[in-house]
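Residue-level structural notes
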Amino acid sequence: MSQPYQPGYYPQQWSPAFAPAPQQAMNPVYAEQAVWTAPTPPAPKSTGLVLSIIGISVLGFVFLAVIVYLLIGLGPFALFVCALVALIPLAVVILTITWIDRWEPEPRGALWFAFLWGAAASVAIALLVGLGVQLAVYYATEGQGGVGDFFSAVIQAPLVEEGAKGLGVLILFLVLRRHFDGPIDGLVYGATVAAGFAFTENILYFGSSLIESGGVGLGFTFLLRGIMSPFAHVMFTACTGVALGFASQKKGWLPGIGFFFLGLVPAGLLHALWNGSSFVVEGLGGFFLAYAIVQVPLFALAIVAVVFLRTREAALTRVRLDEYAAAGWFTPEEVTMLSTGAGRRQARSWAAAQGGDKGRVMRRFTQDSTRLAFARQRVVTGRDGIGGRRDEAELLQAVTADRSVLLATGPQAPALSAQEQYPQQHTQQGPPVI
């Protein structure tokens, strides 16, 4: 490099207080040893971690209370059978969320909090509010009236359930801002909350059908909820999550409140549309017709939106890593490798062929590089108050250490080296270049 590089530097941005810098003109991509001239001080204790542990513990007790409620209402046999059946659509949804989240995976603790919030807290809120509404109407009418099915399904359920589920995503937005980088993160958190809620709700619906109509009723309800609409709640709450994801790219926490209520609007409308369709059409044929005309196009639109957001995320990764490449922290080929799905797959295959622990190190190198790009984005957009510069310094150290392991040779290396595998692309042994 012709001039020293400060990792936190960006036009019209302050340099980080504890930024590591390369020595003289040494290119860190090809450095055999770490080249930091100033160590990064230890990060302060994360309140987010503490709050996550407390939150998961509390939600665990709430989930046990919900299980007891289901046990009393359904009985042990129906609860056990229907919980097993409800695991089938849950597995499909979780695998899909994992696929969406694989570009920059969210912390497992945050995902467990999201799932338990959906499966426990949001269900408890919906049940308590529903009971409160019924009691209020009963006393207001002196026992002469009740909550109608239409009001309960089309107005009360969308408002209460989407508000309860969205509240969990809002909590994650406020507490774990460092892990809430954009719309995809919001979608993942919202979808995970919805997956938990749908799991508990499915147990309740499956159990009621089993008790009332036996195996035939359970099978029919599973067809409607487990096969035809496993992603219904995911689509609803994802609207709130995506809205909060866009809010995470703004300065401060206040925009999150406004975007939260903005996201609740499409979430509630979609939920009301889904529930209300059963009051508009007649018979099973009418339901399938409405499903084909309304729900299938909405699901297709959701797929297009996910692909668009994933492409946007990959493009952002390339832009930010290109800045590091210009300063010598990455080669251009590494940037291509890290910012494309094909490049990442080829890199994992290369690392696995090297044997030893290099497959795991390559996964870590990929994840840390992606997190580095998003940390850089926080610095560039003036959101460094949530730890962008400190994360940048720590992740630069991490990716340099991982690269040194990947480029190292030794007894674990196979006879066929990376240079021999890619002679036209490499001048030294290392990961494949694209």
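Everything numeric here is computed off the predicted structure, so don't read it as measured data.

Calculation criteria
Residues numbered from 1 in each chain as written. Predicted model: local features only at pLDDT ≥ 70, side-chain atom pairs only at ≥ 80, totals over all residues. Heavy atoms only, no water. Helix = DSSP H or I, 4+ residues; strand = E, 2+ residues; numbered from the N terminus. Buried < 20%, exposed > 50% of the residue type's maximum accessible area, 1.4 Å probe, protein only. Contact = heavy atoms within 4.5 Å. Areas by Shrake-Rupley, 256 points an atom, 1.4 Å probe, with all protein chains shown as cover. Patch = residues over 30% accessible without salt bridge, like charges linked within 9 Å, V, L, I, M, F, W, Y side chains within 5 Å. Salt bridge = Lys/Arg side-chain N within 4 Å of Asp/Glu carboxyl O. 1 Å grid on protein atoms, 1.4 Å probe; cavity = no way out; pocket = protein on both sides within 12 Å on 5 of 7 lines; lining within 4 Å. Points joined across faces, edges and corners; volume = space filled by probe spheres on them. Nonpolar A, V, L, I, M, F, W, Y, C, P; charged D, E, K, R; others polar. Phe/Tyr/Trp six-rings, centres within 6.5 Å; stacked < 30°, edge-to-face > 60°. Core = buried A, V, L, I, M, F, W, Y, C linked by side-chain atoms within 4.5 Å. Axes fitted to C-alpha atoms, helices over the stretch in contact; angles between N-to-C directions. Left-handed = near helix turned anticlockwise from the far one by under 90°. Expected span 1.5 Å × (residues − 1). Bend = angle between axes of the 7 residues up to and from the residue. pLDDT = per-residue confidence, 0-100. Lys, Arg positive; Asp, Glu negative; His and termini not counted. Charge placed at Lys NZ, Arg CZ, Asp CG, Glu CD.

1. Structural notes on the overall build of the protein chain
Across its full length, the protein chain carries 13 helices and zero strands. Moving toward the C terminus, one meets the helices and strands of the protein chain in the order α-α-α-α-α-α-α-α-α-α-α-α-α. Considering the protein chain as a whole, with its 434 residues, one finds that 47% of them fall into the buried category. When contacts within the protein chain are restricted to residue pairs at least 6 apart in sequence, those whose partners lie at least 24 apart make up 75%. By element, 68% of the accessible surface of the protein chain is carried by carbon and sulfur atoms, the whole surface being about 21,000 Å².

2. Let's talk about a nonpolar patch on the surface
On the surface, Phe150, Phe151, Ile155, Leu159, Phe279 and Val280 cluster together into a nonpolar patch covering about 620 Å² of accessible area. Elements that contribute at least two residues to the nonpolar patch include exactly α4 (149-175) and α7 (254-280). It is α4 that provides the largest number of residues to the nonpolar patch, a total of four residues. Position of phenylalanine 150 relative to the elements: it lies in helix α4. Exposure remark for phenylalanine 150: the relative accessible area of 46% places this residue in the partly exposed category.

3. Notes on the layout of surface pockets
The volume enclosed by the largest pocket comes to roughly 1,400 Å³. Taken together, 47 residues make up the lining of the largest pocket; nearest its centre are Glu161, Glu201, Tyr205, Arg225 and Asn275. Put simply, the parts of the chain that give the lining of the largest pocket at least two residues each are α1 (47-74), α2 (76-100), α3 (108-140), α4, α5 (183-227), α6 (232-247) and α7. Looking at the lining of the largest pocket element by element, the count peaks at 14 residues for α5. Across the lining of the largest pocket, the residue classes break down as 28 nonpolar, 15 polar and four charged. Lining of the second largest pocket is provided by 22 residues; of these, Thr98, Asp101, Arg102, Pro105 and Leu111 occupy positions nearest its centre.

4. Describing the packing of aromatic side chains
Following the criterion strictly, the structure yields 12 aromatic pairs and no others. Both rings, one in phenylalanine 115 and one in phenylalanine 199, keep their centres 6.4 Å apart while their planes meet at 40°; by these two values the pair is tilted. Remark: phenylalanine 199 occurs in helix α5 and phenylalanine 115 occurs in helix α3; sequence separation between them is 84 residues. Judged by relative accessible area, which is 13%, phenylalanine 115 ranks as buried.

5. Things to note about empty space enclosed by the protein
Counting across every chain of the model gives three cavities of 30 Å³ or more. A volume near 80 Å³ is recorded for the largest cavity. Lining the largest cavity, in full, are Glu104, Asp181, Gly182, Pro183, Ile184, Asp185, Gln249, Leu309, Arg312, Glu313, Leu316 and Phe374. Only α5 and α8 (283-327) provide two or more residues apiece to the lining of the largest cavity. Ranked by residue count, the leading element in the lining of the largest cavity is α8, at four residues. In terms of residue class, the lining of the largest cavity is built from five nonpolar, two polar and five charged. In this structure, the second largest cavity spans a volume of roughly 70 Å³. Along its surface, the second largest cavity is lined by Glu104, Arg178, His179, Asp181, Arg371, Ala375, Arg378, Asp391 and Leu395. At the level of elements, α11 (358-380) and α12 (388-407) are the ones that each hand at least two residues to the lining of the second largest cavity. Among the elements that line the lining of the second largest cavity, the one with the most residues is α11, at three residues. Of the residues that constitute the lining of the second largest cavity, the class distribution is two nonpolar, one polar and six charged.

6. Quick look at the nonpolar core
Counting 53 residues, the largest nonpolar core has Leu172, Phe180, Leu187, Ile203, Phe206 and Leu244 as its most contacted members. Those elements giving two or more residues to this core turn out to be α1, α2, α3, α4, α5, α6, α7 and α8. Here the element with the most residues in this core is α5; it accounts for 15 residues. Leave out the neighbours within four places in its chain, and phenylalanine 206 touches Cys82, Val85, Ala86, Leu218, Thr221, Phe222 and Arg225.

7. What about the packing of α4 against α6?
Close contact between α4 and α6 brings their axes to 10 Å; oriented N to C, the two are set at 35°. Crossing handedness for the pair α4 and α6: right-handed. Touching Glu161, Glu162, Lys165, Gly166, Val169, Leu170 and Phe173 of α4 are His233, Phe236, Thr237, Thr240, Gly241, Leu244 and Ala247, all from α6. Class assignment of the residues belonging to the contact of α4 with α6 gives a composition of six nonpolar, five polar and three charged.

8. Observations concerning α2
Compared with an ideal rise of 1.5 Å per residue, which puts 25 residues at 36 Å, α2 spans 35 Å between its outermost C-alpha atoms and is within 8% of the ideal. At proline 89, α2 is deflected by roughly 30°, the largest bend along its length. Residues Ala78, Leu79, Cys82, Val85, Ala86, Pro89, Leu90, Val93, Ile97 and Ile100 constitute the buried set of α2.

9. What about the confidence of the model for the protein chain?
Taken as a whole, the protein chain shows an average pLDDT of 81; of its residues, 80% reach a score of 70 or greater. By mean pLDDT, the top-scoring element of the protein chain is α2 (96), and the lowest-scoring one is helix α13 (residues 418-421) (36). The model gives residues 410-434 a pLDDT under 50, and that stretch makes 49 contacts with residues more than four places away or in other chains.

10. What about a positive patch on the surface?
Where like charges cluster on the molecular surface, the positive patch consists of Arg102, Arg345, Arg348 and Arg363. The topology assignment puts arginine 348 in helix α10 (residues 341-354). For arginine 348, a relative accessible area of 39% translates into the label partly exposed.

11. Remarks on the side chain of aspartate 101
Mapping aspartate 101 onto the fold places it in the loop between α2 and α3. Put simply, aspartate 101 is tucked away with no salt bridge, and the nearest opposite charge, on arginine 310, sits 8.4 Å away. In contact with aspartate 101, not counting residues within four places along its chain, are Glu106, Leu111 and Val188.

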